[in-house]
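Here's the letter readout for the chains.
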Amino acid sequence: MKKKITLGVLFLLPVTIVLILLFTSHNYTPLQVIHTNVPELVNYESIEKKDSIQFKDEITILGFLGGNVKDRKINVLNLNQKIYKRFSGFKRFQVVMLVTPGQEKEIEDLKYEISRFSDELKAWNFVVVDKEELERIFYGLESPLVLDGYSSSDYVYIIDKDKNLRGRFDDRSTVELREEAKPYMLYGYDTTMISELSGKMTDDIRILFEEYRGKSRKEQSQERREEIIEVDKK
């Protein structure tokens, strides 16, 4: 009897794990669209000398260093450790930091600090724009969060490939839900809070990548079906 029970467990356990993976990998809540049609970058110069930094067709982490690069170093290093190093290997992923003119030396110093913890910086983009252009992009997000006197912010934002701002309509914790607290939205992610970067933001970016992987699989499947239909017609 013991042998039969053991054999039964050994047989059923892998099947159960496979079924769990199948259901959990495809049944997730997509990351919500908070605002559509985020303004595109125009009239800018990249420190990295790239000519094609755009939000369209990229998953973008967007931040605003403004005129305060030096004092935002810890924000950038936190983002590098908890987000960039996890996702920099993915295609169509970029981090874009908007900076106002006159801080090229501070940016180079910051990039050196980042390079001490990352093997490559190919997806990091420090983009110099004038204050008006930076604020045009920021206010185009329609976020209730604000810039400081340097046109700078602790918060970063997730922009999808269709230039939509992604986030959460209801960001209440389990305790807040249990206590029936009033719902509130998540527009951006606080780079001073390690727990928020390694928890909420990491989870949300993974969900977004899974969403695009699912779309890609459907498109490939549809293309194969269409190819089969064409072959059958011949």
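To start, this report covers the structure provided alongside it. Values in this document were obtained by computation on a predicted structure and should not be read as measured data. (Residues numbered from 1 in each chain as written. Predicted model: local features only at pLDDT ≥ 70, side-chain atom pairs only at ≥ 80, totals over all residues. Heavy atoms only, no water.)

### Things to note about the pattern of salt bridges
Under the criterion given, the structure shown has 14 salt bridges. One salt bridge in this structure joins Asp-162 and Lys-56, with 3.7 Å as the shortest N-O distance. One end of the pair, Asp-162, is in the loop between β6 (155–159) and β7 (165–167); the other, Lys-56, is in the loop between β2 (45–46) and β3 (59–66), and 106 residues separate them in sequence. Lys-56 gets classed as partly exposed once you look at its relative accessible area, which sits at 41%. Look at the salt bridges and you will find they share partners, linking Arg-168, Asp-171, Lys-200 and Asp-204 into a network. (Salt bridge = Lys/Arg side-chain N within 4 Å of Asp/Glu carboxyl O. Helix = DSSP H or I, 4+ residues; strand = E, 2+ residues; numbered from the N terminus. Buried < 20%, exposed > 50% of the residue type's maximum accessible area, 1.4 Å probe, protein only.)

### Here we look at the pairing of β6
Counted residue by residue, β6 has four buried out of five residues, so it is predominantly covered. Strand direction decides the pairing type here: β3 and β6, joined by four bridges, are antiparallel. Following the sheet pairing, Thr-60 is matched in β6 by Ile-159. Judged from the two bridges that link them, β6 and strand β8 (residues 189–190) form a sheet pairing that is antiparallel. Note on β8: the bridge partner recorded for Tyr-155 is Asp-190. (Pairing = 2+ DSSP bridges.)

### Focus on the packing of aromatic side chains
Counted under the stated rule, the structure contains 11 aromatic pairs. Taking 6.2 Å as the distance between ring centres and 80° as the angle between the ring planes, the aromatic pair formed by Phe-64 and Tyr-157 counts as edge-to-face. Pair noted here: Phe-64 is in strand β3 and Tyr-157 is in strand β6, with a separation of 93 residues, a long-range link. Here the two residues Phe-64 and Tyr-157 agree in accessibility, since each one is buried. Relative to Tyr-157, the ring of Phe-138 has its centre 6.4 Å away and its plane inclined at 75°; by these criteria the two rings are edge-to-face. Note that Phe-138 is positioned in helix α4 (residues 131–140) and Tyr-157 in strand β6, a separation of 19 residues in sequence. We classify Tyr-157 as buried; its relative accessible area is 0%. (Phe/Tyr/Trp six-rings, centres within 6.5 Å; stacked < 30°, edge-to-face > 60°.)

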